[in-house]
Amino acid sequence: MFTNRVLSGMRPTGALHLGHYHGVLKNWLRLQHEYECLFFVADWHALTTHYDTPAQIEQHVWDMVIDWLAAGVDPAHATLFIQSQVPAHAELHLLLSMITPLPWLERVPTYKDQQEKLTDKDLSTYGFLGYPLLQSADILIYRASQVPVGEDQVPHIEFTREIARRFNHMFGREPGFEQKAEQAVKKLGSRRARLYRELRTKFQEQGDTAALEAGRALLEDTQNLTMGDRERLFGYLEGGGKMILAEPHALLTEASKMPGLDGQKMSKSYNNTIGLREDPETVTRKIRTMPTDPARVKRTDPGEPEKCPVWQLHQIYSDDKTRKWVQVGCRTAGIGCLECKQPVIDGVLAELKPIRERAEHYLNDPTLVRNIVADGGEKARKLAHETLRDVRQAMGLGYS
Ligand code: TRP
Ligand code: SF4
């Protein structure tokens, strides 16, 4: 019920760049070895804002999946899939929409922000208003406990927690809950039952959250419980009804420190990116033509690294010795800018080489990529159906 599951999604924006790599993907690479991970392409979310350019979506989806794989996301460790291939997300979205107060959606900060920013689009649509609820469905359908996201997405996770709480509150109160929960406690066996009761009292009477955590851990490693009893015991521990949907936590991804070619944050909209699959010649040319400290007009003019975007790249790609060399060389006009850029070029090319090689492998074998995503979709559908079954039942749709 309470899982150690990590889930994250990305809208398909096409081929990824070093900003995505340093910001999001490296984080995923680490998580895939520590948790059960599900990573998906949020293609329905793309349609909420890009419904007028459907022709691009497919290419963007495959480019993005290839970049995930090329960066090292490993289908043997993580489940990769496409949102629209798991229709259960849509069913949960619909069912949750029944209990979602409109004002909750209207006050999610991205709603007004995006409408104001993307003025060339009509975003006064039902689908766009429901964006955060669709995201909630994405998360809740897997009972994910951790959701790696950037700062801008934290309100969506908060919103998801509120929806889960509201759902559990409204639908977790089955008739005879207390008696059923008490019977379930007995099934824990006398030693565990005693411990469970102690922890429950500690939490409910003294608000001891460590006791709550310990209680949850106890339930997590109790094996011979039915799904229904397990849910009851989780809910009974906290004092609410049956816990059907789990409240997720945001796992804050530090904002990418990857600067773009002009010193601003690397972003497609600033046109200052280095793509993960760009060829070495293009990458070299891009770095060689990067702006430097504007005070260095002639080779003999001294410069100031703090005023130069190249220096920011040295912070990521160079060791102490090289950085010292830059600082001294720049300030005394001892080195030229092209000379200074070379270690950065070498560093970026070395980082991109294995990524490009892996990408090549997947580009040459599109069936392989499709199979990876098909397998992931199948796994995801199975997991999603477990939750959906409980949700349908709780909402009175348990027939069949
Ligand atoms: N809204 C997220 C973004 O724009 C993408 C997303 C959709 C997502 N569903 C999700 C992220 C579920 C995490 C979990 O970046
Ligand atoms: Fe920038 Fe290096 Fe040129 Fe100094 S020497 S201005 S740090 S590129």
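Notes on the structure follow. (Residues numbered from 1 in each chain as written. Chains lettered and ligands numbered in written order. Predicted model: local features only at pLDDT ≥ 70, side-chain atom pairs only at ≥ 80, totals over all residues. Heavy atoms only, no water.)

R11, Y131, Q135, D138 and Q153 are the nearest of the 14 residues found near ligand 1. Side-chain polar atom of Y131 to a nitrogen atom of ligand 1: 2.8 Å apart, as the coordinates give it. In the model, a nitrogen atom of ligand 1 is placed 2.9 Å from a nitrogen or oxygen of the Q153 side chain. Compared with its free state, where it exposes 370 Å², ligand 1 has 92% of that area covered by protein. Per element, the largest residue contribution to the shell around ligand 1 is four residues, and it comes from helix α8 (residues 131–140). Across the shell around ligand 1, the residue classes break down as seven nonpolar, five polar and two charged. (Near = heavy atom within 4 Å. Polar contact = N/O pair within 3.5 Å; in protein donor to acceptor, adjacent residues only side chain to side chain. Areas by Shrake-Rupley, 256 points an atom, 1.4 Å probe, with all protein chains shown as cover. Helix = DSSP H or I, 4+ residues; strand = E, 2+ residues; numbered from the N terminus. Nonpolar A, V, L, I, M, F, W, Y, C, P; charged D, E, K, R; others polar.)

Below, the discussion takes up helix α16 (residues 320–331). Spanning 12 residues, α16 covers 17 Å between terminal C-alpha atoms, matching the ideal 16 Å at 1.5 Å per step. Residues of α16 that are buried include every one of T322, V326, G329 and C330, and no others. The arc that holds the buried residues of α16, viewed along the axis, is 95°, so those residues lie on one side. Exposed and facing more than 90 degrees away from the buried side of α16 are D320, K321 and K324. Among the structural elements, α15 (309–317) and α17 (337–363) are those in contact with the buried residues of α16. A positive backbone phi angle near 55° is found at A333, which sits one or two residues after α16. (Expected span 1.5 Å × (residues − 1). Buried < 20%, exposed > 50% of the residue type's maximum accessible area, 1.4 Å probe, protein only. Arc of directions from axis to C-beta. Contact = heavy atoms within 4.5 Å.)

This paragraph deals with the pattern of salt bridges. This structure, assessed with the given rule, holds 20 salt bridges. Salt-bridge contacts for E247 lead to R165; the nearest nitrogen and oxygen are separated by 3.2 Å. Here the residue E247 occupies a position in the loop between α13 (227–238) and β5 (249–252), and R165 occupies one in helix α9 (residues 154–171), the gap between them amounting to 82 residues. Classification of E247 as partly exposed rests on a relative accessible area of 22%. By relative accessible area, R165 is classed as partly exposed at 40%. Where R232 meets D229, a salt bridge forms, and the shortest distance between an N and an O atom there is 3.0 Å. Of this pair, R232 and D229 both sit in helix α13, separated by three residues, roughly a single helical turn. With respect to burial, R232 and D229 carry one shared label: buried. A network of salt bridges, in which partner residues are shared, links R143, E231, R389 and D390. (Salt bridge = Lys/Arg side-chain N within 4 Å of Asp/Glu carboxyl O.)

We now examine the packing of helix α14 (residues 280–288) against α17. Contact pair α14 / α17: the axes reach a minimum separation of 9 Å and the direction vectors enclose 150°. In terms of their interaxial angle, α14 and α17 are classed as roughly antiparallel. Relative to α17, the crossing made by α14 is right-handed. Within the contact between the two elements, α14 uses P280, V283, T284, I287 and R288 and α17 uses L338, K341, Q342, V344, I345, V348, L349, L352 and R356. Among the residues forming the contact of α14 with α17, the class breakdown is nine nonpolar, two polar and three charged. (Axes fitted to C-alpha atoms, helices over the stretch in contact; angles between N-to-C directions. Parallel < 35°, antiparallel > 145°, perpendicular 65-115°, else oblique. Left-handed = near helix turned anticlockwise from the far one by under 90°.)

Close to ligand 2 lie T292, D293, R296, C308, V310, V326, C330, C337 and C340, which account for all nearby residues. At the level of elements, α16 and α17 are the ones that each hand at least two residues to the shell around ligand 2.

A few words now on the pairing of strand β3 (residues 78–82). Extensive coverage of β3 is indicated by the burial of five of its five residues. In this sheet, β3 lies alongside strand β2 (residues 36–41) in parallel orientation, the contact comprising five bridges. Residue pairing for β3: F40 is matched across the bridge by F81. (Pairing = 2+ DSSP bridges.)

We now examine the packing of α8 against α9. At their nearest, the axes of α8 and α9 sit 9 Å apart, and the two run at 70° to each other. Comparing the axis directions of α8 and α9 gives the class roughly perpendicular. Handedness of the crossing formed by α8 with α9: right-handed. Packed against α8, whose contacting residues are Y131, P132, L133, Q135, S136, I139 and L140, the element α9 presents H156, I157, F159, T160, I163 and A164 at the interface.

Quick look at the packing of aromatic side chains now. Counting across every chain of the model gives eight aromatic pairs. Pairing W28 with F39 gives two aromatic rings, centres 4.0 Å apart and planes at 0°, and the pair type is stacked. Placement of W28 in helix α1 (residues 18–34) and of F39 in strand β2 is noted, with a sequence separation of 11 residues between them. An aromatic cluster is defined as three or more aromatic residues linked by ring pairs; in this entry it consists of W28, F39 and W68. (Phe/Tyr/Trp six-rings, centres within 6.5 Å; stacked < 30°, edge-to-face > 60°.)

Of all the residues in α15, the buried ones are P309, V310, W311, L313, H314 and Y317. Buried residues belonging to α15 abut α1, α16 and α17.

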